[in-house]
Amino acid sequence: MTQNVINVKDNDVAGSINEFLKHLLSSGKIQALLVQQSTPSKKVAFPVLISDPKRLHARVIAPVLPTATASIVSKMTKIQASPKPIGIVMRACQIRAVLELVKLNQANLTNIVLIGVDCPGTFPLNTYANFPEKTRPTPFLLETLTKKTDEAEKYLRTACKVCKDPIPENADIIIGLYGMDLEKNVLIQAGTQTGKSLLDDLKLEENQDAVKHREHAVKETREAKNKRREAFIKDKGAIKGIEKLTEFFDKCVNCHNCRQACPICYCKECLFDSSVFDQEAYKFLRKAETKGLFKLPNDSVLFHLGRMNHMILSCVQCGLCEQACPNEIPLMDVFIPVAESAQKTFAYHPGKDLKEKIPMIVYREDEFTEVGEK
Amino acid sequence: MSEEQKEKKEAFEPKIVGFLCNWCSYAGADLAGTSRIQYPPNVRIIRVMCSGSVDSMYILRALLEGADGVFVGGCHPGDCHYIDGNYKARRRMVLLENVLETLGLEKERVWLRWISASEGQKFADTMKEMTERIRKLGPNPIAKQWNL
């Protein structure tokens, strides 16, 4: 597909991307943009739905992901598809999540232009808000990206350190950073016909020379991330057995924030919000008598294992569950190894292809015949 | 192994929770009963409309509450009253087993078997087999955990 570039002025990558988005929004081809923008306090950047190009100050690559953008798209489109085109700027993990939500009938991509942006990783919300170089975490991150140092590494969220794929696929337009000389150019690439016709109207510059390292860098980045994931999974393999598991979830207070933050957990009524677990006093007493004692509130391990069984095949490993945990339980240590293994069993790749059906709604008669016939 | 431990082990009677589908396995268990076929009384049967309706949460809850084994019985593949419920139950079981294995929990405690309404003998045999297998495995270690 078409590969265009935009020029970076005064070393300001974020500003140049902002100019491009302004250009796109003022072209009238899209009615509004959903894009991350700093709050007035500049402490954090949240997605805003913006229709006035003059007020656009996008912080597309601000290294923070406060909530799941995919859930916002679901909120905006599940009752009715958008009547007019909206451009939505998303990171790769959120594009994967939104595709899963479409499969689950929770989002509708009619009239949605997905603008994917290469993700250099994000910091935990609080780290970003209290960052020492207060106003400049983005240039700091980009600098380490260009120089290929790991300086920013220590600030990144675990999910980002071992990201499945930071380069967006399935986007109409891709804003590319990897493999580009960020002092000069940022890549603007059309991923689909919709994206191409939008970009053609903008008449962007074509520069074959500027994109020559792109393909190699993308491959290299993916390989490096994969290697890191494998090491991570091997390392976390130690969390095995009920004793280790209860220890792992020790700090869980049953607030269920992880479920709230998860883009895949869309159920309106979660079993754990129901009155199923409210029981007559004698049942509590009977359990205390049988076991001698038990912790309250109970069922926190059941909650995590149950939720895991419900959503793990669609898990896009964005790590928002971990970020949402008030007691800093490193949920990815458990969720990434489980997700990898489960998804491999069903040869399923969440968020990769809309045509790939969610494993729990399809079956083949001649599969897994060893289960049930021993 | 001391005498006392040995005795304790011999005295261990596994508690098994069985989810049986209304149309096949439950009728199979019923047939075993009406035909007066003997089988171990270790299984506590819960009738469900379809093996496909057994959510992994049911199985996990039984295990975490300390059941020594969980049995799910469904119609033979192709015979489901609801056309394909048992195929879905099978996929769900594959997922559950995989999750349990990754987390180092004993997937051997969870069984899925196909038992038709005419297979009273097979139901009794399966119950015998499962009870013995779980007896060998010993009590569910989760039962001892109080901080779940």
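Provided above is the structure to which this section pertains.
Reading the values: rules and limits
- Residues numbered from 1 in each chain as written.
- Chains lettered and ligands numbered in written order.
- Predicted model: local features only at pLDDT ≥ 70, side-chain atom pairs only at ≥ 80, totals over all residues.
- Contact = placed C-beta atoms within 7 Å.
- Helix = DSSP H or I, 4+ residues; strand = E, 2+ residues; numbered from the N terminus.
- Nonpolar A, V, L, I, M, F, W, Y, C, P; charged D, E, K, R; others polar.
- Pairing = 2+ DSSP bridges.
- Axes fitted to C-alpha atoms, helices over the stretch in contact; angles between N-to-C directions.
- Buried ≥ 20, exposed ≤ 12 C-beta atoms within 10 Å, placed from the backbone.

**Student:** Please clarify how the interface of chain B and chain A should be interpreted in this entry.
**Tutor:** Contacts between the two partners involve 31 residues from chain B and, on the opposite side, 34 residues from chain A. Elements that contribute at least two residues to the side of chain B that touches chain A include exactly α3 (56–64), α4 (85–102) and β4 (110–114) of chain B. In terms of residue class, the side of chain B that touches chain A is built from 18 nonpolar, six polar and seven charged.

**Student:** Where do I start with the sheet that holds strand β3 (residues 69–74) of chain B in this structure?
**Tutor:** The strands making up a sheet associate through backbone hydrogen bonding, with each pair oriented either parallel or antiparallel. Residues and elements named next belong to chain B. Spatial ordering of the open sheet is given by β2-β1-β3-β4, a layout of four strands whose pairing is parallel. At either end of the open sheet lies a strand with only one pairing partner, and these are β2 (43–48) and β4. Each neighbouring strand pair of the sheet contributes to a mean axis angle of 20°, computed without reference to strand direction. With five bridges joining them, strand β1 (residues 16–21) and β3 adopt parallel strand pairing. For Phe 19, the partnering residue across the bridge sits in β3 and is Val 72. Lying over the sheet, α3 contacts β1, β3 and β4, oriented at roughly 155° with respect to β3.

**Student:** Which parts of the structure should I look at to understand the sheet that holds strand β3 (residues 45–50) of chain A?
**Tutor:** Residues and elements named next belong to chain A. As summarised here, the arrangement of the seven strands in space is β1-β7-β6-β5-β4-β2-β3, forming an open sheet in which the pairing is mixed. Here the strands that pair on one side only, and so sit at the sheet edges, are β1 (3–7) and β3. When the angles between neighbouring strand axes are averaged without regard to direction, this sheet yields 25°. Of the strand pairs in this sheet, strand β6 (residues 173–176) and strand β7 (residues 185–190) are connected by four bridges, and their pairing is antiparallel. The residue of β7 that forms the bridge with Ile 174 is Gln 189.

**Student:** Is there a simple way to explain the pairing of strand β4 (residues 86–91) of chain A in this structure?
**Tutor:** Remember that side chains alternate between the two faces of the sheet whenever the strand is regular. All names here are of chain A. Counted residue by residue, β4 has six buried out of six residues, so it is predominantly covered. Along β4, one buried face is formed by Ile 86, Ile 88 and Met 90 and the opposite face, lined by Gly 87, Val 89 and Arg 91, is buried too. Where strand β2 (residues 32–38) lies against β4, three bridges are found, and the strand directions are parallel. Residue pairing across strands places Ala 32 opposite Ile 86, the latter belonging to β4. Examined bridge by bridge, β4 and strand β5 (residues 112–117) share six bridges and lie parallel to one another. Each bridged residue has a counterpart across the sheet, and for Met 90 the counterpart in β5 is Gly 116.

**Student:** Honestly, the environment of Phe335(A) in this entry has me stumped. Any pointers?
**Tutor:** Residue and element names in this part refer to chain A. Looking at where Phe 335 falls in the secondary structure, it is placed in helix α14 (residues 332–345). For Phe 335, a count of 24 C-beta atoms within 10 Å corresponds to the buried category. Taking C-alpha positions, Phe 335 is 9.9 Å from Ile 233, a pair spaced 102 residues apart along the chain. In contact with Phe 335, not counting residues within four places along its chain, are Cys 315 and Cys 321.

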